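One letter stands for each residue in the lines below.
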Amino acid sequence: MADVMLDAKGLNCPLPILKAKKAIKTVPSGGTLEVLSTDPGSVADFAAFCRTTGNELLESGQDGDTYRFVIKHV
Amino acid sequence: MSEDAEGTNTKTMTIIVTKGTLDWAYPPFILGSTAAAMGVDVQMFFTFYGLTLLKKDLNLKVSPLGNPAMEMPMMGGHMSMPNIMGVMPGVTSLASTMMKNMTKKKGVASIEELRDMAVEADVKMVACQMTLDLFEYSKKDLIDDIELGGAATYIDMALKSDVNLFI
């Protein structure tokens, strides 16, 4: 179970990233943020977001139409 | 790349914003707010028609006139409007309303929303003083969180910047 959950389902680019950025500020260092999204573009975007910001993408998966990401706040 | 007080290297990006229609407002605000969310120092320079994107009250419009690539999804297909229709009264408002409804339906942020998020993420917004004078706007017509500047202000920032975009 992640420390903070973010439901970004139904939102389109770049809102899942912008909301994740806000949410990750509330996660203590070393803690995790779980994001749910329905935007297929968010798969590439969360990988890019983590590469650039130095946060760690622990999980990136799909369940039906929903994408799930777990990000560790570094 | 510029060095901040902690001695870490922060990437920087500038965007020159020259257009003020609903469709052209999206790329600069999407890229500016996203870059800021990714830890980039962003400066946006608003000039000519782009300056209107800093007005307190936005009423952005898009015209199908002269834009044959503008196809609206309709009844399972796509429809573009003949140019002759674009000059008819009311067509610009109709197209603008349609696009705003589409963005809402598809979970795309409004320009107001993206601009607020950019301001909140400390994107530095610079309004072109010359454009203000030219089109007779005053600073009080614009949102509070901006600075005024000219070409030299932009060049100074752009020379130190990792990414410079003209939109």
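Reading the values: rules and limits
- Residues numbered from 1 in each chain as written.
- Chains lettered and ligands numbered in written order.
- Predicted model: local features only at pLDDT ≥ 70, side-chain atom pairs only at ≥ 80, totals over all residues.
- Helix = DSSP H or I, 4+ residues; strand = E, 2+ residues; numbered from the N terminus.
- Buried ≥ 20, exposed ≤ 12 C-beta atoms within 10 Å, placed from the backbone.
- Contact = placed C-beta atoms within 7 Å.
- Core = buried A, V, L, I, M, F, W, Y, C linked by C-beta atoms within 7 Å.
- UniProt positions renumbered as here; feature names shortened; annotations may be inferred.
- Axes fitted to C-alpha atoms, helices over the stretch in contact; angles between N-to-C directions.
- Parallel < 35°, antiparallel > 145°, perpendicular 65-115°, else oblique.
- Left-handed = near helix turned anticlockwise from the far one by under 90°.
- Pairing = 2+ DSSP bridges.
- pLDDT = per-residue confidence, 0-100.

**Topic: the overall build of chain B**
So, step 1. Within chain B, the secondary structure is distributed over six helices and nine strands.
So, step 2. With respect to the principal axes defined by its C-alpha atoms, chain B has extents near 55 × 35 × 25 Å.
So, step 3. Across the 167 residues of chain B, 29% fall into the buried class.
So, step 4. Across chain B, the fraction of contacts at a sequence separation of at least 24, relative to all contacts at a separation of at least 6, is 72%.

**Some thoughts on the nonpolar core**
Residues and elements named next belong to chain B.
So, step 1. Of all hydrophobic cores here, the largest spans 48 residues; its most connected members are A36, M44 and F46.
So, step 2. Broken down by element, the residue count for this core peaks at seven residues, all from helix α1 (residues 22-37).
So, step 3. In contact with A36, not counting residues within four places along its chain, are V42, A118, A121, D122 and V123.

**What about the interface of chain B and chain A?**
So, step 1. Residue-level contacts link 11 residues of chain B with 11 residues of chain A.
So, step 2. Looking at which element gives the most residues to the side of chain B that touches chain A, the answer is α1 of chain B, with four residues.

**Brief notes about the UniProt feature "transmembrane region" (unreviewed entry) in chain B**
So, step 1. UniProt's entry tags residues 29-51 of chain B with the feature "transmembrane region" (unreviewed entry), counted in the numbering of this structure.
So, step 2. Taken end to end, residues 29-51 of chain B is 39% helix and 26% strand, and its first and last C-alpha atoms sit 13 Å apart.

**Let's talk about the packing of helix α1 (residues 15-24) of chain A against α1 of chain B**
So, step 1. Where α1 of chain A meets α1 of chain B, the axes come as close as 9 Å, and the angle between the chain directions of the two elements is 30°. Classified by the angle their axes make, α1 of chain A and α1 of chain B are roughly parallel. Read as a crossing pair, α1 of chain A and α1 of chain B show a hand that is left-handed. Residues I17, L18 and K21 of chain A of α1 of chain A form the contact with α1 of chain B, whose own contacting residues are S33, T34 and A37 of chain B.

**So, the sheet that holds strand β4 (residues 66-72) of chain A**
Residues and elements named next belong to chain A.
So, step 1. Read across the open sheet, the four strands follow the order β1-β2-β4-β3; overall the sheet is mixed. Whereas interior strands pair on both sides, the edge strands pair on one side only; in this sheet they are β1 (4-8) and β3 (56-63). Direction aside, the axes of adjacent strands within the sheet are offset by 15° on average.
So, step 2. By the bridge criterion, seven bridges tie β3 to β4 in an arrangement that is antiparallel. When the sheet's bridge partners are listed, E59 is paired in β4 with V70.
So, step 3. Of the strands in this sheet, β2 (32-37), β3 and β4 touch helix α2 (residues 42-53), which is tilted by about 175° from β3.

**Describing the environment of V27 of chain A**
Residue and element names in this part refer to chain A.
So, step 1. Tracing the chain through its elements places V27 in the loop between α1 and β2.
So, step 2. For V27, a count of 18 C-beta atoms within 10 Å puts it in the partly exposed group.
So, step 3. Linking V27 and H73, residues 46 residues apart in sequence, is a C-alpha distance of 6.7 Å.

**Points about the confidence of the model for chain B**
Residue and element names in this part refer to chain B.
So, step 1. In this model, chain B carries an average pLDDT of 92, and 95% of its residues clear a pLDDT of 70 or more.
So, step 2. A low-confidence stretch, residues 1-7 (pLDDT under 50), is modelled with eight contacts involving residues beyond four sequence positions or located in other chains.
So, step 3. For this predicted complex, the interface confidence reaches an ipTM of 0.90, while the overall pTM sits at 0.91.

**Comments concerning the sheet that holds strand β4 (residues 41-46) of chain B**
All names here are of chain B.
So, step 1. Strand order across the open sheet formed by five strands is β8-β7-β4-β3-β9, with parallel pairing between neighbours. Both edges of this open sheet fall to β8 (146-149) and β9 (163-166), since each of them pairs with a single strand only. Going across the sheet, the axis of each strand differs from the next one's by a mean of 20°, ignoring polarity.
So, step 2. Here strand β3 (residues 12-17) pairs with β9 via four bridges, running parallel. From the neighbouring strand, I15 faces β9, where its bridge partner is L165.
So, step 3. Sheet contacts for helix α6 (residues 151-159): β3, β4, β7 (124-128), β8 and β9; angle to β3, the most-contacted strand, approximately 145°.

**Quick word on unusual backbone geometry**
So, step 1. Residue P14 of chain A is reached from C13 of chain A by a cis peptide bond, and omega for that bond is 0°.
So, step 2. The topology assignment puts P14 of chain A in the loop between β1 and α1.
So, step 3. For F48 of chain B, which is not a glycine, the phi torsion comes out positive at approximately 45°.
So, step 4. With respect to the secondary-structure elements, F48 of chain B resides in the loop between β4 and β5 (71-74).
So, step 5. Residue classification places F48 of chain B among the partly exposed positions, given that 16 C-beta atoms sit within 10 Å.
So, step 6. Positioned with a positive phi, M75 of chain B is a non-glycine residue whose angle comes to about 45°.
So, step 7. If you trace the backbone, M75 of chain B turns up in the loop between β5 and β6 (77-80).

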